[in-house]
Structure formats: C-alpha cells, structure tokens
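Commentary on secondary and tertiary structure
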Amino acid sequence: MREVNVTRAMGAAMRRIHVGNALSAFGLGFTVPYLYVYVAQVRGLGSMTAGLVLAVFAVAALVVLPFAGRAIVRRGPLPVLLAALVTAALGALSLGLAGSAGAVLLSAAALGAGQAVMQPALATMIVDCSSAGTRSRAFAMQFFLQNLGLGVGGLIGGHLVDASSVSSFTVLFAIEAAVFLLLVVVMSTVRMPRAPRIEGAPGAGSAKGGWKQLLGNRAMVQLCVLGFVLFFACYGQFESGLSAYGVEAAGVSTSALGTALAANTAMIVVAQFAVLKFVERRRRSRVIAAVGLIWAVAWVAAGYAGLGHGSQAMATAAFISTYALFGLGEAMLSPTVAPLVADLAPEGMAGQYNSAFALVKQLALAVGPAVGGPMGASLPGPYVVTFLLFSLGITFLALRLGRELNAVQDRPWLGKSRVVAQGAASPVGQSQAHA
C-alpha cells in the first residue's frame, strides 16, 4: 500500500512538473523572438544594445548555472525553481518598463538567469519523480511540451505586439511575468517524494568537491563533450548559420525559412512518441550514434540545397527536409540524453550533473552562432562540410561513450528505480560513486 501511495504521489508531482515545463517554455517563446525589435526599434536603443541584450542572456546563464547545481543538491530542486521563477518574473516585468540601456541589460540578466536555472531544476524534479522504467517517457513528454509551449507562446506573442507601440510590449512582458508567478503558485503545490540526499557529500558541502567528483567521472566528461558537439552542430545553427546559409547560398525566401522551422517543430510533435517506442528498448549510445548519421544526411540535403544545380523548388524542398531531419534526431535524443545524465549521477547529485550539462549546452549555443553565422553566409561549401564532419563525429563519440557505460546506464530497462527503492543505492549509483 505504501508503494502505491508513493507511486500516486510521484504521478501527481509529475503532472505539475509537466505543467511547469509547458508554462516556462510558453513564457520564453512569448517574448524572446521579439527582444531584438523591442530593444533596437521600439525603445530606440540601437542594434548594438539589442545585440548586447542577447549576449547578456547567454552570459547570465553561464554565470549562474555552476552555482545552481550546488544549490539544487543542498536545498532540493523545488526551492531553487521557485527562486528562479520569481527572478525571471521580476526581470520580465522590469524589462517591459525599462527605457535606458543600463536598465534593459540588468533586466535581461535577471530574466536570462532565472530562465537558465529553471531547466536543470525541472529536470532534477523529473528524476526524483520517475523510475528507470518511466524516465525516458517523462523526458520525452518534457521535450514535447517545451516545443509546444515555445510555438504557442511565439504565435500568441506575435499577434499581441505592435512595433509602433511601446505599451503593447509592456503588456507582453507583464503577461510573461504573470505566467512565471502563476507557475510559482502551481509548483508550490508540488509534493516531492523523498529523494535521497547525501549529507557531507562533496557536492553538498563544497562546490569544488562537487565539480572534482563530476570531472572524475569519465563517462560524464565524455557525455559533456558529446553534448557540446550535439548542441553546437544542430541547435547552435538553427537561427544563425543554417538560416544564413539558406538565404545566401540556397536562395530560399524568408517564408520558406519559416516553413522549414515549422517543419522542424511539426516533425518533433508528430514523431516524438512514435520514436519513443523505438528508442526505449535500444542502447542509448547506439541511438545517439544513429542521430549523428541522420544529421549527416540532413547536412547532405543542405549541401544539395545550396550547392547543387537543381531547380529552386528542389533546393527549397531539400532545405526544408534538412530541418525536418534535425527534428527527427531531436525527438530521438530527448528520451535518451537527459535520462542518461541522471543515471550517471551518484545518489543526490542529479542537480549538479543536470546543471553541468546545461552549462555545456549554453556554451555550445553561445559558440555555435558565432562560428556558424559568418561561415554559413560567406563560406557555404566549407560550412556544410564542417558540420557534416561534426555530425559524423557525434556517431564516433557516441560509440566511444558506449564503452564507458555499464549495462544499466546504456540499457536502462535492465535496472530498477532508485526513487522507488527509497534511497537504497542502485547499481548505477554504486558504480558511479567510485568512478
């Protein structure tokens, strides 16, 4: 009976966590696509300040994430999430009222820091409320809801704003702040199951000790390297290098670029749970390796779009196919990579590991556009070849990582939940505690 009650509590908590994922993504999609226009044109602060605002988002995330992991380990993910939501709400509200460059940059830093911390906190809550058998499906649902929230938020936000009206943007940011505060109320009702905490563990008492333990885990270090390449070669190119390449080399119209982005989202929405059934019983390292091959095919299609000699219609179709193939790979990664990060973490250290992986992601997303943007616009041939090789590198790194994983980490259906075990050390936790 106790186990049934624990399962029900976990299910109730998970439903609220998924609401949190959807609302946080909605808030992000609601305003971020319009930040440049708001700062540069509506507030009249110029393109330089607008560019700095986007950079501040990345820098704020890089600054707070190392501390977020330690805070999640020491305090638990829920208090950290609530603090991040309040910070993001204050940042959003002040951004809508800011009229000077300094105020805009400070507001953007608060909003960016809050949003950056939400993701590892929510991911750690998913870990604490899932079992080895349900974790892949839970992270697949998280990814699905994030994309849905981003899409719906961007769509509604686009219909509310008016570039000639400052007040329309003030309302936009006020609604975003209200969404985050609503999420504070929703998440405050979550009753987390008792997750294992290790008093005196390196991560719990010393930031340096926690990072030293993480860096001593060879499998986690290899996964971070692999994660950097994944985010650099795919996500870091979506709105920079690949779009610049499409417009300059492939000659696609802005409407076709929008169609390509829609095809990416549509592929994720349509394929996510069909793909989940396929990957749940496959070795994680092999799934990631397969994604590398799929993305290599995507870059071949991109090469044909910009460097081939077909008709414009064929080039546009190939370019749209590139984004759709990226979406298929993303759908395969969502139930694979995030649960693997959790299963590599020793007991009580999931927050530290989630934050470290989020930090790697932010680094890749900062470097990717800076490298890909200029290459995609001015060096189309080398650009395609470079990222084709990066995709093949994903396959190589994934197969290499597979040799570092134990049977349960690579084939999670063989293991049992550490959460249901009520704090008993699992094979995963034991093996990584000595890594």
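All residue numbers refer to positions counted from 1 along the written sequence of the respective chain. In view of the model being predicted, local features appear only for residues whose pLDDT reaches at least 70, and side-chain atom pairs are presented and counted only at 80 or more, with totals across whole chains, interfaces and linings using the full set of residues. With hydrogens and water excluded, all non-hydrogen atoms of the structure serve as input to the side-chain values.

**Remarks on the overall build of the protein chain**
- Scanning the protein chain from N- to C-terminus turns up 19 helices and zero strands.
- Between buried and exposed lies partly exposed: a residue is buried under 20% and exposed over 50% of the maximum accessible area for its type, with that area taken using a 1.4 Å probe on protein chains only. Burial statistics for the protein chain: of 435 residues in total, 53% are counted as buried.
- Any pair of residues with heavy atoms lying within 4.5 Å of one another is described as a contacting pair. The contacts of the protein chain with a sequence gap of at least 6 include a subset with a gap of at least 24, amounting to 85%.
- Methods summary: accessible areas were calculated by the Shrake-Rupley approach with a probe of 1.4 Å, and residue burial reflects only the protein chains presented. When the accessible surface of the protein chain is totalled, it reaches about 17700 Å², and 68% of it is carbon and sulfur. Only DSSP runs of H or I with at least four residues qualify as helices, and only runs of E with at least two residues qualify as strands; both kinds are numbered from the N terminus onward.

**Here's the deal with a nonpolar patch on the surface**
- Nonpolar side chains collect at one region of the surface, where Leu148, Val152, Leu155, Ile156, Leu160, Val171 and Ile175 lie side by side and expose about 550 Å² of accessible area between them.
- Taken together, the elements giving at least two residues each to the nonpolar patch come down to helix H6 (135-160) and helix H7 (166-188).
- At five residues, H6 tops the list of elements feeding residues into the nonpolar patch.
- If you trace the backbone, Val152 turns up in helix H6.
- For Val152, a relative accessible area of 35% corresponds to the partly exposed category. A patch is a set of surface residues, each over 30% in relative accessible area and not in a salt bridge, joined within 9 Å for like charges and within 5 Å for the nonpolar side chains Val, Leu, Ile, Met, Phe, Trp and Tyr. The working definition used for a salt bridge is a side-chain nitrogen of Lys or Arg within 4 Å of a carboxyl oxygen of Asp or Glu.

**Overview of the packing of helix H3 (residues 46-75) against helix H5 (residues 101-128)**
- Remark: H3 packs on H5, axes separated minimally by 7 Å, with the N-to-C direction vectors making an angle of 40°. One element, H3, and the other, H5, form an angle in the oblique class. The two elements H3 and H5 cross, and the hand of that crossing is right-handed.
- Polar here means any residue outside two lists: the nonpolar Ala, Val, Leu, Ile, Met, Phe, Trp, Tyr, Cys and Pro, and the charged Asp, Glu, Lys and Arg; Gly therefore counts as polar. Class assignment of the residues belonging to the contact of H3 with H5 gives a composition of 21 nonpolar, four polar and no charged. Inter-axis angles, ranging from 0 to 180 degrees, are taken between N-to-C directions of lines fitted to C-alpha atoms, where helices are fitted over the stretch in contact. Geometric relationships in this document are graded by angle, where less than 35 degrees denotes roughly parallel, more than 145 denotes roughly antiparallel, 65 to 115 denotes roughly perpendicular, and other angles denote oblique. Take the far helix as your reference; a near helix turned counterclockwise from it by less than a right angle gives a left-handed crossing, and one turned clockwise gives a right-handed crossing.

**Looking at the side chain of Gln222**
- With respect to the helices, strands and loops of the structure, Gln222 is situated in helix H10 (residues 218-233).
- Take Gln222: its relative accessible area is 15%, and that puts it in the buried class.
- Once you skip the residues sitting within four places of it in the chain, Gln222 turns out to touch Arg400, Leu401 and Glu404.

**Describing the nonpolar core**
- Side-chain atoms within 4.5 Å are what join buried Ala, Val, Leu, Ile, Met, Phe, Trp, Tyr and Cys residues into a set we call a nonpolar core. Of all hydrophobic cores here, the largest spans 63 residues; its most connected members are Met220, Leu223, Leu226, Leu242, Trp295 and Phe319.
- Of all the secondary structure elements, the ones that give two or more residues to this core are H10, helix H11 (241-248), helix H12 (254-279), helix H13 (284-307), helix H14 (312-333), helix H15 (337-344), helix H16 (350-378) and helix H17 (380-402).
- Leaving out residues up to four positions away in the same chain, Leu242 has contacts with Gln237, Trp299, Ala302, Phe319, Thr322, Tyr323, Phe326 and Tyr383.

**Digging into the pattern of salt bridges**
- Scanning the model with the defined rule gives five salt bridges in all.
- Of the charged contacts in the structure, one is a salt bridge between Arg135 and Asp343, with a shortest N-O distance of 2.8 Å. Taken together, the positions of Arg135 in helix H6 and Asp343 in helix H15 put the pair 208 residues apart, joining distant regions of the chain. Here the two residues Arg135 and Asp343 agree in accessibility, since each one is buried.
- Two residues, Arg137 and Glu280, come together in a salt bridge whose shortest N-O distance is 3.4 Å. Of this pair, Arg137 sits in helix H6 while Glu280 sits in the loop between H12 and H13, and the two are 143 residues apart along the sequence.
- Accessibility expressed as a relative area gives 37% for Arg137, which makes it partly exposed.
- Under the relative-accessibility criterion, Glu280 is labelled partly exposed at 24%.

**Examining the packing of aromatic side chains**
- The criterion for an aromatic pair is that two Phe, Tyr or Trp rings (for Trp, the six-membered ring) have centres within 6.5 Å, with stacked assigned to planes under 30 degrees apart, edge-to-face to planes over 60 apart and tilted to the rest. Tallying each qualifying case throughout the model produces 16 aromatic pairs.
- Relative to Tyr235, the ring of Phe231 has its centre 5.1 Å away and its plane inclined at 45°; by these criteria the two rings are tilted.
- Judged by relative accessible area, Phe231 falls into the buried class, the value being 11%.
- Residue Tyr235 is classed as partly exposed on the basis of its relative accessible area of 22%.
- Seen in terms of ring centroids, Phe231 and Phe357 are 6.0 Å apart; in terms of plane orientation they differ by 65°. Their pairing is edge-to-face. Taken as a pair, Phe231 in helix H10 and Phe357 in helix H16 lie far apart in primary sequence, 126 residues in all. Summarising the burial analysis for this pair, Phe231 and Phe357 share the class buried.

**Points about H11**
- For H11, the buried fraction is high: six of the eight residues fall into the buried class.
- Taken together, the buried positions of H11 are occupied by Gly241, Leu242, Ser243, Ala244, Tyr245 and Gly246.
- Those residues of H11 that are buried are in contact with H12, H13, H14, H16 and H17.

**Re the environment of Gly236**
- Along the chain, Gly236 falls in the loop between H10 and H11.
- Linking Gly236 and Ala364, residues 128 residues apart in sequence, is a C-alpha distance of 6.6 Å.
- Ignoring anything within four residues of it in the chain, the contact list for Gly236 reads Phe231, Leu365, Gly368 and Pro369.

**Brief notes about the confidence of the model for the protein chain**
- With 89% of its residues at a pLDDT of 70 or more, the protein chain has an overall mean of 82.
- pLDDT: the predictor's confidence for each residue, scored from 0 to 100. Confidence over residues 195-206 falls short of pLDDT 50; this stretch has 25 contacts with residues more than four positions distant or in other chains.
- Residue range residues 416-435 is modelled with pLDDT below 50. Its contacts to residues more than four positions away, or to other chains, number 42 contacts.

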